[in-house]
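# Fold and contact review
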Amino acid sequence: MEGKMIKSFAATCKRGIKRLIEKKNDYQKSRKYVYRMEDGGTVTVCTARYLGKKTRHYNKNFARRGVERIRTNIAKEPVFALKSQTRDYWLEQLLRSGKYTFSDMFIAKNPYGEAPLTALALFYTKQACGVRVTVKGTTPETDYSASLPEAKYHRVPILGLYPGKVNEIHFELLDAVGTTIEERTVSLKMKGLPRHLKKIVTVKKMAKEPALKNILIVGGSDIHPCVIDREGKIRWYTRRKPKGYGLFLLKNGHFLFLESHISAPSYTNPHSVQMYDMDFLGRVHMSYMVKNGIHHSASENEENGNIMACGSSMEGHLEDLIMEIDRQTGQIVKKVKLGDIFDATYQDRPDWAHLNSVEYYKKDHSVLVSMRNIHSVCSVDWDTGKMRWLLSDPKFWEGTEMEKMLLKPVGDVPFFYQQHAAMELDMDLDGNPDTKHVLVFDNHWHKRRPVKDFDEDKKSYVSIYTINEKERTVKLEKRFGCPKSKIRSNGIYFKDKNRLYSMEGSLVKPIEDNVGTIREYDSRKGKVVSEILIKPGFFQARAFEPDVPELAKPLLANRNYICGDLKRPKPLLKEELSWLKGIQSRRVDDLVIDYKTNEDILYVHGMDHSIRKVYLLGKKGNYAVDFTETKQTMKVFAESKYYLAMWLDKIPSDYYRLWLDVRGNIQYTGKYISK
């Protein structure tokens, strides 16, 4: 008995100590503190949670007009673009106060709450000067440095911080010719990596001077976007995991981030309907809504220009649409359906084309697209919407109407199968002004659409093709064999450095229990000079080259930070309303079903295709949102769980009760929305 009492007392003490530790940790996360440096100066440090508490009351100053009129008993989600604006405003006011100087600076850790290994330093100098900031690496080669132009009020983005250690950050003030006039080093401890990012990178081999010092890894099922240095150390990552396609880099140092659990049902893989224009500090500049969703790829047609993206027609087919999205309004301003520019030969299934990359080229207004399931890359004239040429194995299209669009092979041209990441290279490889060069990651796999006489080659390839559009010919310029990757993956070529990267994101045969690998080749000798293993695999890997001066600019106030298009409630017909009222309904008891709101957007969570309709039954009028246009055709996606999104901005003011049609069963949710 006495032993049991002692054990019970010990357990109580442990619980008490644990609560104290949790309380202390929670306090540390939400506080601001000041520490003195050996040089006599001070550094004031604050956390993301502290910033959140200090800036929450600014929401009303920046929020979209009219959304404050909505009342509901549904949980409200944070609006990331609004959060970014309010925090940025508070930080800018703090900087302009002149309170913080080079000797006594202010540093916000993870200031916008989305990029844990970032910070922002603020200080004022009496004379305008430039700034160079360097996060000291474990070796000089792993230092992360950036420079900013002359100013008196300095916002200094700090990237490349190490997780779980005290970082030494060296600041230098520079004169007009770049000479250091004053310097100091401050220390900043960052929290450790989350479990899912620990021990996922192994550097097997590293070149003395790799072409890429820092590599951005994006996409895949089990990895958050992250940046690794030449030692395999993670130096940047996102707090949240996007859709499996990862991030899409933009030309001004920003990227597009696709929400992973807000989607539109399709015939196979649900498509993300919500994406953010985001930067590497974690600021969300805009939120875009795309009614039928985006998949696989998006890019800009020019710097700060419209967004080119892969979409779906949802007219019996999906992943078959190229679309241009207005950067300011989020509206789709142009579409080209692949079904309209290809013959009917292979349009025999919902995912017949599987569009997986789209790149726009301003010089000739062309769009280069890759279609995995028909082993083809084609160029589209974006002004006319017509195909310019088709690059594919001629045997695959033999006897079809598409033969006339094919480029004619010159010499021995090995073709690609289930390829990814087609892109035009901005370089001249042959001295001919009439040619262009297209790089393709050739997965060399044909499980989705088998090819007769497939060569069963055991490798994948990064292939570079030279295309003469006047003569309508193609020849192989370079080809590099690499481990077989069945899906995803990409390649990068550096002519001036004589280096080529193959990024195998989904290996058929894992290497030492790793599903992905990054290989750097000497492009003259074909020799592997660097090899990095990535345990969970990935979608693509890119150069990490953020535009730091762009990150240093304050956000512009913008009340239209959510734009685009979503499904909206439509008035119920009298017949459906009468039928609905006559049904014996029951309260929702499905644990998967959940709800949230984001200003005037309603989200309802459920299993794929289980929620057929969402009803808003009011005192003055009744409305419904219909999600029955598609049906699932692949079992692998039938167990997907995600939020359906709908916009409530145009329904009349009323008190609405929320009802659902779940697999044909009408259910009352107990939720209401008052507008």
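Residues numbered from 1 in each chain as written. Predicted model: local features only at pLDDT ≥ 70, side-chain atom pairs only at ≥ 80, totals over all residues. Heavy atoms only, no water.

### Overview of the overall build of the chain
If you tally the helices and strands in the chain, you get eight helices and 45 strands. For 675 residues, the compact-globule formula gives about 26 Å, and the C-alpha radius of gyration of the chain, at 27 Å, lands near that figure. Counting only C-alpha atoms, the chain reaches 80 × 75 × 65 Å along its principal axes. Expressed as a percentage of its 675 residues, the buried residues of the chain come to 59%. In the chain, the share of contacts with a sequence separation of at least 24, taken over all contacts with a separation of at least 6, comes to 61%. Accessible surface, the chain as shown: approximately 30,100 Å² in total, 49% of it carbon and sulfur. Side chains of the chain carry 113 positive and 85 negative charges; the gap between the two charge centres is 8 Å. (Helix = DSSP H or I, 4+ residues; strand = E, 2+ residues; numbered from the N terminus. Rg over C-alpha atoms; globule rule 2.2 N^0.38 Å. Buried < 20%, exposed > 50% of the residue type's maximum accessible area, 1.4 Å probe, protein only. Contact = heavy atoms within 4.5 Å. Areas by Shrake-Rupley, 256 points an atom, 1.4 Å probe, with all protein chains shown as cover. Lys, Arg positive; Asp, Glu negative; His and termini not counted. Charge placed at Lys NZ, Arg CZ, Asp CG, Glu CD.)

### Overview of the side chain of Arg488
Within the secondary structure, Arg488 sits in the loop between strand S30 (473-482) and strand S31 (490-494). Summary of buried charges: Arg488 has no salt-bridge partner, and the nearest side chain of opposite charge, Asp222, is 7.2 Å away. In contact with Arg488, not counting residues within four places along its chain, are Gly220, Ser221, His420, Phe441, Asn443, Gly505, Ser506, Phe538 and Phe539. (Salt bridge = Lys/Arg side-chain N within 4 Å of Asp/Glu carboxyl O.)

### Some words on the sheet that holds strand S19 (residues 307-311)
In any sheet, the strands associate via hydrogen bonds between backbone groups, in a parallel or an antiparallel arrangement. Read across the open sheet, the four strands follow the order S18-S19-S20-S21; overall the sheet is antiparallel. What marks the edges here is a single partner per strand, and that holds for strand S18 (298-300) and strand S21 (332-337). Ignoring which end each strand starts from, the neighbouring axes of this sheet average 20 degrees apart. Strand direction decides the pairing type here: S19 and strand S20 (residues 321-325), joined by five bridges, are antiparallel. Its bridge partner lying in S20, Cys310 is registered against Ile322. (Pairing = 2+ DSSP bridges. Axes fitted to C-alpha atoms, helices over the stretch in contact; angles between N-to-C directions.)

### Remarks on the environment of Lys363
Note on placement: Lys363 falls in the loop between strand S22 (355-361) and strand S23 (366-371). Owing to a relative accessible area of 64%, Lys363 belongs among the exposed residues under this scheme. Sequence separation between Lys363 and Val515 is 152 residues, and the spatial gap between their C-alpha atoms is 38 Å. Of note is the side chain of Lys363, whose polar atom sits 2.7 Å from the side chain of Glu424. (Polar contact = N/O pair within 3.5 Å; in protein donor to acceptor, adjacent residues only side chain to side chain.)

### Comments concerning the confidence of the model for the chain
Mean pLDDT over the chain stands at 93; residues scoring 70 or higher make up 95%. Confidence drops under a pLDDT of 50 for residues 20-27, and excluding neighbours within four residues, the segment shows one contact in the predicted structure. (pLDDT = per-residue confidence, 0-100.)

### What to know about unusual backbone geometry
A positive phi is found at Asn304, a non-glycine position, where the angle reads about 60 degrees. Of note in this structure, Arg488 is not a glycine but carries a positive phi near 60 degrees. According to the relative accessible area criterion, Arg488 is buried, its value standing at 17%.

### As for the pattern of salt bridges
The final tally for this structure, using the stated rule, is 42 salt bridges. Note that Arg449 is salt-bridged to Asp348, the shortest N-O span being 3.1 Å. Note that Arg449 is positioned in the loop between strand S28 (435-442) and strand S29 (460-468) and Asp348 in the loop between helix H5 (338-341) and S22, a separation of 101 residues in sequence. The class of Arg449 is buried, set by a relative accessible area of 5%. Asp348 gets classed as partly exposed once you look at its relative accessible area, which sits at 48%. Where Asp442 meets Arg479, a salt bridge forms, and the shortest distance between an N and an O atom there is 3.9 Å. In this pair, Asp442 sits in strand S28 while Arg479 sits in strand S30, placing the two residues 37 residues apart along the sequence. Accessibility expressed as a relative area gives 28% for Arg479, which makes it partly exposed.

### Things to note about the pairing of strand S25 (residues 386-392)
Put simply, side chains in a regular strand alternate between the two faces of the sheet. In terms of burial, S25 is a largely internal element, five of the seven residues being buried. With six bridges connecting them, strand S24 (residues 376-381) and S25 associate as antiparallel partners. The residue of S25 that forms the bridge with Asp381 is Lys386. Counting the residues that bridge the hairpin from S24 to S25 gives four residues, and of these Gly385 lies at a positive phi of roughly 75 degrees.

### Overview of the side chain of Ser370
Within the fold, Ser370 resides in strand S23. Here Ser370 falls in the buried class, since its relative accessible area comes to 0%. What Ser370 contacts, discounting residues up to four positions off in sequence, is His354, Leu355, Asn356, Ser357, Ser376, Val377, Gln419, His420 and Ala422.

### Focus: the sheet that holds strand S27 (residues 420-424)
Reading across the sheet, the five strands line up as S26-S30-S29-S28-S27 and stay open at both edges, with mixed pairing between neighbours. In this open sheet, the two edge strands, each paired with only one partner strand, are strand S26 (408-409) and S27. Pairing of S29 with S30 involves nine bridges; the strand directions are antiparallel. Pairing of Ile467 across the sheet is with Val474, part of S30.

### What to know about helix H4 (residues 80-96)
For H4, built from 17 residues, the straight-helix expectation of 24 Å at 1.5 Å per residue is met to within 8% by its first-to-last C-alpha distance of 24 Å. In terms of residue burial, H4 counts as a mostly covered element, since 14 of its 17 residues are buried. Note on H4: the residue one or two positions beyond its end, Gly98, has a positive phi of about 75 degrees. (Expected span 1.5 Å × (residues − 1).)

### Some details on the nonpolar core
If you look at the biggest cluster of nonpolar residues, it comprises 99 residues, and the most contacted ones within it are Phe171 and Ile518. Ranked by the residues each element gives to this core, the list is headed by strand S5 (residues 119-135), at nine residues. Setting aside residues up to four positions removed in sequence, Phe171 forms contacts with Phe102, Met105, Ala121, Phe123, Arg132, Val133, Val156, Ile158, Glu182, Glu183, Arg184 and Val186. Core analysis: the next-biggest nonpolar cluster, separate from the first, contains 45 residues, Cys310, Val336, Cys378 and Met405 among them. (Core = buried A, V, L, I, M, F, W, Y, C linked by side-chain atoms within 4.5 Å.)

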